[in-house]
Amino acid sequence: MRKRHSATPYDIVVFGDTCVDLILRDDDIVPRFGQAEKIVAGYHLEMGGSCCIFAAQAAKLGLKVRLLGRVGDDAFGQLIVDTLATAGVDTQYIKVDSRLRTGITVHLAQADDRAMLTHLGSLNALTVADVSDDILASARHLHYGSLYLQTGLLPHWVDILQSAKRLGLSVSLDTNWDPQGRWNHGFLRALEHIDILLPNAQEALHLSGEPDFSAAIEFLQERAPLLVVKQAEAGASAWFQRKRISQSVIPAESGGDGIGAGDSFDAGFLAGWLNELSLETCLAIACQCGRAVASEMGGLRGQPWQSEIAAL
Ligand SMILES: Nc1ncnc2c1ncn2[C@@H]1O[C@H](COP(=O)(O)OP(=O)(O)OP(=O)(O)O)[C@@H](O)[C@H]1O
Ligand SMILES: [Mg+2]
């Protein structure tokens, strides 16, 4: 069920996994210890965090987005607030917390692979005490992301989804990867409160606990009203009322790094869904956003604006 446009001041509320991405790039990026200095070909610094990248894309597509989060009292925190505000996201519920350092991931990227070093800092600082009914009720949809990284919210995340449903919001979930490999934390219970589940193909296997893709889809489509699975250069598929709809993609331009493609995909899908467009159109918009981001470095550069998406 979708609430109508004018029913609430915001379309989407999202909890921010606030961090920056510093992407260092070279053909051979492996560091040498023993205090050896190594020169790298290039770098790129920008806002990261799945939910933050999602929020920026959703706002660029014309949705009214409110992001709840914390940042440190530092230059990276300011970069995040400025980046979100420039995209059109409401930032009034981002608290500057001087006890925190803003989260950072240093990506060591070479042509065929990438290693990441993360300091969580502000990324997992939100707790259930930050989430009020008033904030939830200000939007018609809750997008919940970075489930396993937002550890401050994790003990109460199912209760938060339940509150959102009680207040009449529709709910989408993109768990993203579980770095600890547990893949649970009430996921099956949470499915009762979810309208759209948005995993990638690997995550679908882990979340379902099934050994192969078709068994995973069978398991998840039984339990999620709308299942949308992302498959990188193979595009994406949606399962609704036991019917499958697929969208293929032209391979991304070379030079991109794939960071944030799935998050912008989610925003594109919801821009269609919250505007009550057909599932085929929702998938087409989502894939256009995902491919555009996959064609550039970082999660923000490629993000299209509403005027670049014909269906919107
Ligand atoms: N190499 C690519 N070529 C074309 N389109 C792509 C490519 N990679 C991603 N996309 C588009 O972006 C969508 C989402 O990408 P992907 O499957 O990598 O999601 P994800 O694994 O959730 O990503 P993320 O790392 O952002 O969490 C795909 O369904 C596709 O539409
Ligand atoms: Mg993802």
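Residues numbered from 1 in each chain as written. Chains lettered and ligands numbered in written order. Predicted model: local features only at pLDDT ≥ 70, side-chain atom pairs only at ≥ 80, totals over all residues.

Draft legend 1. Representation of the overall build of the protein chain in the model. A count of helices and strands for the protein chain gives nine helices and 13 strands. The globule rule puts the C-alpha radius of gyration for 312 residues at 20 Å, and the 19 Å found for the protein chain is close to it. The C-alpha extent of the protein chain, read off along each of the three principal axes, is 55 × 40 × 40 Å. Counting every position in the protein chain, which comprises 312 residues, the buried fraction comes to 47%. (Helix = DSSP H or I, 4+ residues; strand = E, 2+ residues; numbered from the N terminus. Rg over C-alpha atoms; globule rule 2.2 N^0.38 Å. Buried ≥ 20, exposed ≤ 12 C-beta atoms within 10 Å, placed from the backbone.)

Draft legend 2. Representation of the sheet that holds strand β6 (residues 103-110). In spatial order, the strands read β3-β2-β6-β7; together these four strands make up an open sheet with mixed pairing. A single partner strand is all that each edge strand has here, and the edge strands are β3 (42-47) and β7 (113-119). Across the sheet, the mean angle separating the axes of adjacent strands is 15 degrees when strand polarity is ignored. (Pairing = 2+ DSSP bridges. Axes fitted to C-alpha atoms, helices over the stretch in contact; angles between N-to-C directions.)

Draft legend 3. Representation of the sheet that holds strand β9 (residues 170-174) in the model. If you walk across this open sheet you meet the nine strands as β5-β4-β1-β8-β9-β10-β11-β12-β13, and the pairing is mixed. Among the strands making up the open sheet, the edge pair consists of β5 (94-96) and β13 (243-247). Bridge analysis of strand β8 (residues 139-145) against β9 gives five bridges, and the strand direction is parallel. Following the sheet pairing, Tyr144 is matched in β9 by Leu173.

Draft legend 4. Representation of the packing of helix α6 (residues 201-208) against helix α7 (residues 213-223) in the model. Contact geometry for α6 and α7: axes closest at 9 Å, N-to-C directions at 65 degrees. Judged on the interaxial angle alone, α7 and α6 are roughly perpendicular. Where α6 crosses over α7, the handedness of that crossing is left-handed. For the pair α6 and α7, the contacting residues are Ala201, Ala204, Leu205, Leu207 and Ser208 in the first and Phe213, Ala216, Ile217, Phe219 and Leu220 in the second. Looking at side-chain class alone, the contact of α6 with α7 contains nine nonpolar, one polar and no charged residues. (Parallel < 35°, antiparallel > 145°, perpendicular 65-115°, else oblique. Left-handed = near helix turned anticlockwise from the far one by under 90°. Contact = placed C-beta atoms within 7 Å. Nonpolar A, V, L, I, M, F, W, Y, C, P; charged D, E, K, R; others polar.)

Draft legend 5. Structural view of the pairing of β8. In terms of residue burial, β8 counts as a mostly covered element, since seven of its seven residues are buried. Relative to β8, strand β1 (residues 10-15) is paired through four bridges, and the arrangement is parallel. Residue Val14 lies in a different strand from β8, and its bridge partner there is His143. Running through helix α4 (residues 157-166), the crossover from β8 to the neighbouring parallel element β9 is right-handed. (Right-handed = clockwise from strand over helix to strand, strands pointing away.)

Draft legend 6. The nonpolar core, seen in detail. Ala55 and Ala58 are the most contacted members of the largest nonpolar core, which has 86 residues in total. The leading source of residues in this core is helix α9 (residues 279-294), at 10 residues. Not counting the four nearest positions on each side in its chain, Ala55 is found in contact with Val14, Gly16, Val65, Leu67, Leu84 and Val89. (Core = buried A, V, L, I, M, F, W, Y, C linked by C-beta atoms within 7 Å.)

Draft legend 7. Just the packing of helix α8 (residues 261-274) against α9, in detail. Running from N to C, α8 and α9 cross one another at 155 degrees; their axes reach a closest spacing of 7 Å. The orientation of α8 relative to α9 falls into the category roughly antiparallel. For the pair α8 and α9, the sense of crossing is right-handed. Across the interface between the two elements, Ala261, Gly262, Ser264, Phe265, Ala267, Gly268, Phe269, Ala271, Gly272 and Trp273 from α8 touch Thr281, Cys282, Leu283, Ile285, Ala286, Cys287, Gln288, Cys289, Gly290, Val293 and Ala294 from α9.

Draft legend 8. Focus on helix α1 (residues 50-60). Across the 11 residues of α1, 11 count as buried, placing the element largely inside the fold. Within the sequence span of α1, burial applies to Ser50, Cys51, Cys52, Ile53, Phe54, Ala55, Ala56, Gln57, Ala58, Ala59 and Lys60. Within two residues after α1, Gly62 carries a phi angle of roughly 95 degrees, on the positive side.

Draft legend 9. Layout of unusual backbone geometry. Not every positive phi belongs to a glycine, and Ser146 is a case in point at roughly 45 degrees. Among the structural elements, Ser146 can be located in the loop between β8 and α4. The backbone of Gln241 shows a phi angle near 50 degrees, a positive value even though the residue is not glycine. With respect to the helices and strands, the residue Gln241 is situated in the loop between β12 (236-240) and β13.

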